[in-house]
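Examining the three-dimensional arrangement
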Amino acid sequence: MNKSTFEEQLAINGKLIYTNKGDSMMPLIKQDRDLLIIEPVNGRLKKYDVPLYKRDSGQYVLHRILKVRDSDYVICGDNRWVKEYGITDRHIIGVMTAVVRKGREVSVSNWRYRLYVHIWCDFFPIRGFIIHAVSKLKRIAKKK
């Protein structure tokens, strides 16, 4: 069976539906639980959009835009506190338009989704502190 890239699937089907690997977008997206619907990008992305992008290393990443700058985006996973800089439009493959959980599609325009995004992102400094503190506590607990 031939493996195709995300880019090829998006070009062939007009959308990409897949499940993610990793925990960087928790609590919204959980590995092996949720399906993600990715569609082609039309123009510049906006704050809070969730692009699927490919780093220069070849690694695919799905993270949220925290800030749109003239030539790039400031991006971070919902379960991360370190921002990534230098992601440009050339890196972007597509943008998440919905999450499918338990067979039910939740659009990024859904009011509950938008409320989550604003609470989770607008209080980024607090979120970063909480995630960092929980991570340290987990490491301490593992050592015991």
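To be clear, the structure that these remarks concern was listed above.
These figures come from a predicted structure and were not determined experimentally.

A separate point is the packing of helix α2 (residues 111-122) against helix α3 (residues 124-143). The geometry of α2 relative to α3 is characterised by a closest axis approach of 5 Å and an angle of 75° between their N-to-C directions. As summarised for this structure, α2 and α3 are arranged roughly perpendicular, according to the angle between their axes. The residues of α3 that touch α2, namely those facing Trp120, Cys121 and Asp122, are Phe124, Arg127 and Ile131. Here the residues of the contact of α2 with α3 sort into four nonpolar, no polar and two charged.

Moving on: the pattern of salt bridges. Inspection of every chain in the model, using the stated rule, returns 11 salt bridges. Across the pair Arg55 and Glu84 runs a salt bridge whose closest N-O atoms are separated by 2.9 Å. One end of the pair, Arg55, is in the loop between β3 (51-54) and β4 (60-62); the other, Glu84, is in strand β7 (residues 84-87), with 29 residues separating them in the sequence. Taking the relative accessible area as the measure of exposure, Arg55 reaches 24% and is therefore partly exposed. With relative accessibility at 17%, the residue Glu84 sits in the buried group.

Bringing the environment of Met25 into the picture now. Along the chain, Met25 falls in the loop between β1 (16-18) and β2 (35-39). For Met25 and Val41, which are 16 residues apart along the polypeptide, the C-alpha to C-alpha distance reads 20 Å. Excluding residues within four positions of it along the chain, Met25 makes contact with Val50, Leu62, His63, Arg64, Gly77, Asp78 and Asn79.

This part takes up the packing of aromatic side chains. Per the counting criterion, the structure on display carries three aromatic pairs. Note on Phe6 and Tyr60: the rings are 4.6 Å apart at their centroids and 65° apart in plane angle, and the pair reads as edge-to-face. Here Phe6, found in helix α1 (residues 6-13), pairs with Tyr60, found in strand β4; they are 54 residues apart in sequence, far enough to count as distant. Assessed through its relative accessible area of 21%, Phe6 is described here as partly exposed. Aromatic ring contacts, followed pair by pair, group Phe6, Tyr18 and Tyr60 into a single cluster.

Further remarks concern α2. With 12 residues, α2 extends 16 Å between its outermost C-alpha atoms, agreeing within 8% with the 16 Å of an ideal straight helix rising 1.5 Å per residue. For α2, the full list of buried residues reads Tyr113, Tyr116, Val117 and Cys121. An end-on view of α2 places all buried positions within 105° of arc, on one side of the element. Structural note: α2 exposes Trp111 and Arg112 on the side pointing more than 90 degrees away from its buried face. Contacts made by the buried residues of α2 are with β5 (64-68), β8 (92-101), β9 (104-107) and α3. In this structure Asn110 caps α2, since a side-chain oxygen of it lies 2.7 Å from the backbone nitrogen of Arg112.

The rules we used
- Residues numbered from 1 in each chain as written.
- Predicted model: local features only at pLDDT ≥ 70, side-chain atom pairs only at ≥ 80, totals over all residues.
- Heavy atoms only, no water.
- Axes fitted to C-alpha atoms, helices over the stretch in contact; angles between N-to-C directions.
- Helix = DSSP H or I, 4+ residues; strand = E, 2+ residues; numbered from the N terminus.
- Parallel < 35°, antiparallel > 145°, perpendicular 65-115°, else oblique.
- Contact = heavy atoms within 4.5 Å.
- Nonpolar A, V, L, I, M, F, W, Y, C, P; charged D, E, K, R; others polar.
- Salt bridge = Lys/Arg side-chain N within 4 Å of Asp/Glu carboxyl O.
- Buried < 20%, exposed > 50% of the residue type's maximum accessible area, 1.4 Å probe, protein only.
- Phe/Tyr/Trp six-rings, centres within 6.5 Å; stacked < 30°, edge-to-face > 60°.
- Expected span 1.5 Å × (residues − 1).
- Arc of directions from axis to C-beta.
- Polar contact = N/O pair within 3.5 Å; in protein donor to acceptor, adjacent residues only side chain to side chain.

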